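Chain by chain, the residues run as shown.
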Amino acid sequence: MARYLITGIAGFIGSSLAHALVDQGHEVCGIDNLSTGNLDNLADIRHAVDFQEMDLQDVSGVQAACEGIDYILHQGALASVPRSVKDPLTSHESNINGTLNLLIAARDAKVRRIVYAASSSAYGDQPTQPKQEDMLPRPLSPYAVQKLTCEYYIQSFYRAYGLEGVCLRYFNIFGPRQAADSPYSGVIAQFTFKMMAGETPTIFGDGLTSRDFNYVDNAVSANLLACLAPSDVATGRVFNIGTGKSHTLNEVYAAIAGQLGFTPKPNYGPPREGDIKHSLADITRASKELGYQPRAHFHEGLKKTVAWYLEEKEKNQTPVLKR
Ligand code: UD2
């Protein structure tokens, strides 16, 4: 049994990690400033989690939170490409200053390893598909720059101070508990939520934009593997966490509409600023070196996700869905 600190524990991926670790009998601590996270995501495991409401930029608070921790799963961030395009300073403060503060605290507390939620946005308009970790990053949005900068910080803290760090470049994670209540929510959550409300979603661009959509259980397993992988293969390194398959926005729309019996055709709008056209992961490195396998496939994951939103609506317990 180990002691984990999850940053952003009340968020979608953070809370999914917390459920998995509690199920495995680990000690789980978590911090979240609740700016985008929601404690309802932890409702059924709240008794088993040592939670503190805290911002990552709180120097003394984060120092105290790192004491006695074996592994940090660093999910806390102000996510979203369009949010960062609109307000780069606020997302910079949260994503870069917050991470640096956490790294200093983790170094001083002699945490065994930190696993970082990096982003496929780092590849930007790098034209080659699929994306491999050794490609030169070409970030397009402030969010992509921030996520990439933190990868470099993680690597430098390993080289300069010996703090073990692993960067997992997430490729469009989706699943239950993903917030659907803001224009900055992920596309699958937004499309599902809108169709359930009888509204027709808008596809930005021609609908042929594609993403390597990865069900959240796969990201959870990647984090657990990254904690336990031998130091010489994992630390100071970057791993793509995708599926190796991509789907267009038209396909995503049709799949969700099919599950919900929603018949209207999509609206189409101009492409979103800062967007990448295509994103597809080469997962060879993560498979070989971490033993990562994306066992949950897109359609199966989508089925579970849509079912979850429907259940939440049914229960009328809709904090995640409320707008
Ligand atoms: C980026 C990262 C992802 C993760 C995420 C965090 C890439 C390729 N991926 O996801 O790894 O870090 O940021 O926020 O950079 N869209 C519509 N209609 C809508 C909403 C979205 O068409 O109502 C489109 C959007 O323009 C984009 C696609 O759906 O082309 C996916 O958008 P998203 O916001 O779900 O995720 P994305 O790709 O920015």
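Keep in mind it's a predicted model, so treat the numbers as computed, not measured.

### Re the packing of helix H2 (residues 59–66) against helix H4 (residues 88–108)
Where H2 contacts H4, the axes come no closer than 9 Å and their chain directions differ by 45 degrees. When the axes of H2 and H4 are compared, the pair comes out oblique. Every pair of crossing elements has a handedness; the one defined by H2 and H4 is right-handed. Of the residues in H4, those in contact with Val-59, Val-62, Gln-63 and Cys-66 of H2 are Asn-101, Leu-102, Ala-105 and Ala-106. The class makeup of the residues in the contact of H2 with H4 is six nonpolar, two polar and no charged.

### With respect to the state of the cysteines
Counted under the stated rule, the structure contains zero disulfides. Unpaired in terms of disulfides, Cys-150 finds its nearest cysteine sulfur in Cys-167, a separation of 9.0 Å. Since its relative accessible area comes to 0%, Cys-167 is described here as buried.

### Quick word on helix H11 (residues 298–315)
Think of an α-helix as 3.6 residues a turn; residues three or four steps apart then line up on the same face. For H11, which comprises 18 residues, the first-to-last C-alpha distance of 26 Å matches the rise-based estimate of 26 Å (1.5 Å per residue) to within 8%. Phe-298, Gly-301, Leu-302, Thr-305, Val-306, Trp-308, Tyr-309 and Glu-312 are the residues of H11 that are buried. Buried residues of H11, viewed axially, fall in a sector of 150 degrees; they line one side. Facing away from the buried side of H11 by over 90 degrees, the exposed positions are His-299, Lys-303, Glu-314 and Lys-315. In this structure, the buried residues of H11 make contact with strand E7 (173–174), helix H6 (187–196), strand E10 (214–215), strand E12 (247–248) and helix H9 (249–260).

### Here's the deal with the environment of Ala-117
Take Ala-117: it is sitting in strand E5 (residues 113–119). Given the relative accessible area of 6%, Ala-117 is considered buried.

### Side note on the side chain of Ser-185
Tracing the backbone shows Ser-185 in the loop between E7 and H6. Residue classification places Ser-185 among the buried positions, given a relative accessible area of 11%. Within the structure, Ser-185 has its side chain in polar contact with the backbone oxygen of Ala-179 (distance 3.1 Å). Ignoring sequence-local partners within four residues, the contact set of Ser-185 consists of Ala-179, Ala-180 and Gln-190.

### Structural notes on unusual backbone geometry
With an omega of -10 degrees, the peptide bond between Gln-129 and Pro-130 qualifies as cis. Relative to the helices and strands, Pro-130 resides in the loop between E5 and helix H5 (142–161). Phi at Lys-110 is positive, roughly 55 degrees, even though this residue is not glycine. Within the secondary structure, Lys-110 sits in the loop between H4 and E5. According to the relative accessible area criterion, Lys-110 is exposed, its value standing at 72%.

### Describing the packing of H6 against H11
The description of two packed helices rests on the angle between their axes and on the distance between the axes. At a closest axis distance of 11 Å, the pairing of H6 and H11 adopts a crossing angle of 45 degrees. Between H6 and H11, the angle is such that the two are oblique. Relative to H11, H6 is oriented so that their crossing is right-handed. Between H6 and H11, the contacting residues are Ile-188, Ala-189, Thr-192 and Met-196 on the first element and Phe-298, Leu-302, Thr-305, Val-306, Tyr-309, Leu-310 and Lys-313 on the second. Taken together, the residues of the contact of H6 with H11 break down into eight nonpolar, two polar and one charged.

### Some thoughts on the site of the ligand
As a matter of local geometry, the ligand sits amid 23 residues, with Ser-119, Phe-204, Arg-211, Arg-272 and Asp-275 nearest to it. One of the side-chain nitrogen or oxygen atoms of Ser-119 is found 2.7 Å away from an oxygen atom of the ligand. Asn-172 has a polar side-chain atom sitting 2.9 Å from a nitrogen atom of the ligand. Notes on the ligand: free accessible area 750 Å², of which the protein chains cover 91%.

### Things to note about the sheet that holds E5
Spatially, the seven strands line up as an open sheet ordered E3-E2-E1-E4-E5-E6-E11, and their pairing is parallel. Every interior strand has two partners, whereas the edge strands, strand E3 (49–53) and strand E11 (237–241), have only one. Taking the axes of each pair of neighbouring strands and ignoring which way they run, one obtains an average angle of 20 degrees across the sheet. The sheet contact formed by strand E1 (residues 3–7) and strand E2 (residues 27–32) spans five bridges and is parallel.

### Overview of helix H7 (residues 216–228)
Along its 13 residues, H7 runs 19 Å from first to last C-alpha, staying within 8% of the 18 Å computed at 1.5 Å per residue. Taken together, the buried positions of H7 are Val-216, Asn-218, Ala-219, Val-220, Ala-222, Asn-223, Leu-224, Ala-226 and Cys-227.

### A few points about the pairing of E2
Both faces of the sheet carry side chains from a regular strand, because those side chains alternate between them. For E2, the buried fraction is high: five of the six residues fall into the buried class. For the crossover that starts at E1, traverses helix H1 (residues 12–23) and ends in the parallel E2, the hand is right-handed. Summarising the sheet, E2 and E3 pair through five bridges and their orientation is parallel. Residue pairing across strands places Cys-29 opposite Asp-50, the latter belonging to E3.

Calculation notes
- Residues numbered from 1 in each chain as written.
- Predicted model: local features only at pLDDT ≥ 70, side-chain atom pairs only at ≥ 80, totals over all residues.
- Heavy atoms only, no water.
- Axes fitted to C-alpha atoms, helices over the stretch in contact; angles between N-to-C directions.
- Helix = DSSP H or I, 4+ residues; strand = E, 2+ residues; numbered from the N terminus.
- Parallel < 35°, antiparallel > 145°, perpendicular 65-115°, else oblique.
- Left-handed = near helix turned anticlockwise from the far one by under 90°.
- Contact = heavy atoms within 4.5 Å.
- Nonpolar A, V, L, I, M, F, W, Y, C, P; charged D, E, K, R; others polar.
- Disulfide = S-S within 2.5 Å.
- Buried < 20%, exposed > 50% of the residue type's maximum accessible area, 1.4 Å probe, protein only.
- Expected span 1.5 Å × (residues − 1).
- Arc of directions from axis to C-beta.
- Polar contact = N/O pair within 3.5 Å; in protein donor to acceptor, adjacent residues only side chain to side chain.
- Near = heavy atom within 4 Å.
- Areas by Shrake-Rupley, 256 points an atom, 1.4 Å probe, with all protein chains shown as cover.
- Pairing = 2+ DSSP bridges.
- Right-handed = clockwise from strand over helix to strand, strands pointing away.

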